[in-house]
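# Topology and contacts: notes
Chain residues, written in single-letter form:
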Amino acid sequence: MDSLGLNQNNVFKIISRNIQGLKTRLKPTNQTISNTKLNIKSVKSNLSKFDIICLDKTWAKDKSLVFQDYKVHSTVQNTTSKRGRAGVSVLIRNKHSDFVSNIKSASPNIIWSRLKRHLFGIRSDIFLAAVYLPPLQSQRKAGEDILSVLEQEIHKFSKQGQIILLGDFNARTGTLNDFIENDCQDFTATDNAYDLDKNWPKRNNADYSFNKLGDETLRLCIGNKLRILNGRVTGDLDGKLTSYQYNGASTVDYGIVSEHLQNIVLGFQVQALTPYSDHCPITLKLACSNRKIMYSTNPPKKPPRTEASSRYYFTKFLWKPESKDKFISTLSSFNIQNRLKSFNVEHHSSIDDEISQLHQILKSVAEISLVPSRRKTRKKTKKTNHGMIIFADI
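Parameters and conventions
- Residues numbered from 1 in each chain as written.
- Predicted model: local features only at pLDDT ≥ 70, side-chain atom pairs only at ≥ 80, totals over all residues.
- Heavy atoms only, no water.
- Pairing = 2+ DSSP bridges.
- Helix = DSSP H or I, 4+ residues; strand = E, 2+ residues; numbered from the N terminus.
- Axes fitted to C-alpha atoms, helices over the stretch in contact; angles between N-to-C directions.
- Contact = heavy atoms within 4.5 Å.
- Core = buried A, V, L, I, M, F, W, Y, C linked by side-chain atoms within 4.5 Å.
- Buried < 20%, exposed > 50% of the residue type's maximum accessible area, 1.4 Å probe, protein only.
- Parallel < 35°, antiparallel > 145°, perpendicular 65-115°, else oblique.
- Left-handed = near helix turned anticlockwise from the far one by under 90°.
- Nonpolar A, V, L, I, M, F, W, Y, C, P; charged D, E, K, R; others polar.
- Salt bridge = Lys/Arg side-chain N within 4 Å of Asp/Glu carboxyl O.
- pLDDT = per-residue confidence, 0-100.
- Phe/Tyr/Trp six-rings, centres within 6.5 Å; stacked < 30°, edge-to-face > 60°.

## Observations regarding the sheet that holds strand β9 (residues 226–228)
Across the sheet, which stays open at both edges, the six strands sit in the order β5-β6-β7-β8-β12-β9 with mixed pairing between neighbours. Where the open sheet ends on each side, the last strands, each with one partner, are β5 (100–104) and β9. Averaged over neighbouring strand pairs, the angle between their axes works out to 20° when direction is ignored. Sheet analysis places β5 next to strand β6 (residues 110–115), joined by five bridges and oriented antiparallel. By the bridge assignment, Lys104 is partnered in β6 with Ile111. Relative to the sheet, helix α3 (residues 146–158) contacts β5, β6, β7 (125–132), β8 (161–168) and β9, its axis offset from that of β6 by approximately 15°. Docked against the sheet, helix α4 (residues 212–224) engages β8, β9 and β12 (253–258), running at close to 135° with respect to β9.

## Quick notes on the sheet that holds strand β2 (residues 52–56)
If you trace the six strands from one edge of the open sheet to the other, you get β3-β4-β2-β1-β14-β13, paired in mixed fashion. The open sheet terminates on both sides in strands that have one partner only, identified here as β3 (70–74) and β13 (265–270). Pairs of neighbouring strands in the sheet enclose a mean axial angle of 15°, with direction left out of account. Sheet topology places β3 next to strand β4 (residues 88–93); five bridges connect them, and they run antiparallel. Opposite His73, over in β4, you have Val90 as the bridge partner.

## Section: the nonpolar core
By size, the foremost hydrophobic cluster in this structure holds 37 residues, and its most contacted members are Phe12, Ile14, Ile52, Ile164 and Leu286. Counting residues in hydrophobic clusters, the runner-up holds 25 residues, among them Ile146, Val149, Leu165 and Tyr254.

## Here we look at the packing of helix α7 (residues 323–331) against helix α9 (residues 351–369)
α9 packs onto α7 with a crossing angle of 125° between their chain directions and a minimal axis gap of 9 Å. By the angle class used here, α7 and α9 are oblique. Crossing geometry of α7 relative to α9 is assigned as right-handed. Only Leu362, Val365, Ala366, Ile368 and Ser369 of α9 make contact with α7, whose side of the interface consists of Lys326, Phe327, Thr330 and Leu331. Among the residues forming the contact of α7 with α9, the class breakdown is six nonpolar, two polar and one charged.

## Topic: the pattern of salt bridges
Taken as a whole and assessed by the stated rule, the structure comprises nine salt bridges. Salt-bridge contacts for Glu151 lead to Arg219; the nearest nitrogen and oxygen are separated by 3.2 Å. A residue pair is termed long-range when its members are at least 10 positions apart, and Glu151 in helix α3 and Arg219 in helix α4 qualify at 68 residues. Glu151 gets classed as partly exposed once you look at its relative accessible area, which sits at 23%. Put simply, Glu216 and Lys212 hold a salt bridge, and the shortest N to O gap is 3.6 Å. Here the residue Glu216 and the residue Lys212 both occupy positions in helix α4, the gap between them amounting to four residues, near one helical turn. A network of salt bridges, in which partner residues are shared, links Glu151, Lys212, Glu216 and Arg219.

## Some points on unusual backbone geometry
Positive phi values are uncommon outside glycine, yet Asp69 reaches one of about 75°. The topology assignment puts Asp69 in the loop between β2 and β3. Residue classification places Asp69 among the partly exposed residues on the basis of a relative accessible area of 48%. With phi around 50°, Asn170 is a residue other than glycine that occupies positive phi space. Note that Asn170 resides in the loop between β8 and α4.

## Topic: the packing of α3 against α4
For the pair α3 and α4, interaxial distance at closest approach is 11 Å and the crossing angle is 10°. Taken together, the axes of α3 and α4 lie roughly parallel to each other. Contacts between α3 and α4 involve Leu147, Leu150, Glu151, Ile154 and His155 from the first element and Leu213, Glu216, Arg219, Leu220 and Asn224 from the second. Within the contact of α3 with α4, the residues separate by chemical class into five nonpolar, two polar and three charged.

## Focus: the confidence of the model for the protein chain
For the protein chain, the mean per-residue pLDDT works out to 81, and 74% of the residues sit at or above 70. Of the regions scoring below 50 in pLDDT, residues 80–84 engages in eight contacts with residues more than four places distant in sequence or in other chains.

## Details of the packing of aromatic side chains
Any two aromatic rings considered together are summarised by their centre-to-centre distance and by the angle between their planes. Considering all chains together, one arrives at six aromatic pairs under this definition. Ring centres of Phe67 and Tyr70 lie 5.3 Å apart, and the angle between their planes is 45°; this geometry places the pair in the tilted category. The pair formed by Phe67 and Tyr70 is uniform in burial state, with each residue classed as buried. Ring pairs connect the aromatic residues Trp112, Phe127 and Phe157, which therefore count as one cluster.

See below:
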């Protein structure tokens, strides 16, 4: 279990770091394997906990990056300087190779990955972009318009699935809305002509300033139904600062997701600053619906259960002394509370339908926070259900 009380077997974890150059001036010691930051033991230990690693501002001049147990995709920009300019790398754990694929972007500051829907039990695939947006003046000098490229690619991939953006946007957004507040259809021609924005919770942000790139990022979010996770999701409800420079601190590293992904977002966190970059790593946790996909490259195919057989199928969870706090913590999480709110206002066709939906919400809480009971193959004996909580698949 992690600090949020989540069962790690059901969590898909992604980390994003502005690494500020892969090379380090530290000489190899008992704390380092080479002069690459990823081989510093503390950095390597932290990164190895994640299923996908997004690195921006690598300053790499070639694609020689190697990281054990991960497949690496990198971009480099040809330049005459001693180091490469910007550069992005995405590292995907080898065991996920059947479910996560790389997509080339038109910009060397963006790398897209396609995550198959089977990982999360949703209806469409997820398109994850590792992003680095240089300051506007740097883009102008280089004759680049990376935000325009990003927006075009978001528009393209959003037709095929859901979107996640992670990285350093150099954007300061204050606490301005990334959605249309109190959106309505009063002036649309037909009821189905316009998809209303949902009212998300107000964002907290320790950085109250905003800049031009922040305005553009918010416009990007509103126009594509994307929502910023910083300052409004479990793990970062205060909206922590992410960048510490000689002239002050700011929030410029973001996790941004499609509006419809809110139910699988388990948490977003700004990690502590390290000596190897002046940006804090940011992490995203998603609910993974299929444990066998997470831990097997070739999961066995099971025949679908019929309605009749599912009535008699029960999932048992162990109830331990610490389970109460973990269950309540998950029940209070952002996505579960939103599902309960939707349940309260939704019209139900029957009492059976209402019970079934509430049951599925509570079962989701149990799957995230509790440990399933393993089936024993010993000789059958008469047992009671003391010390267990049982949810049936109805």
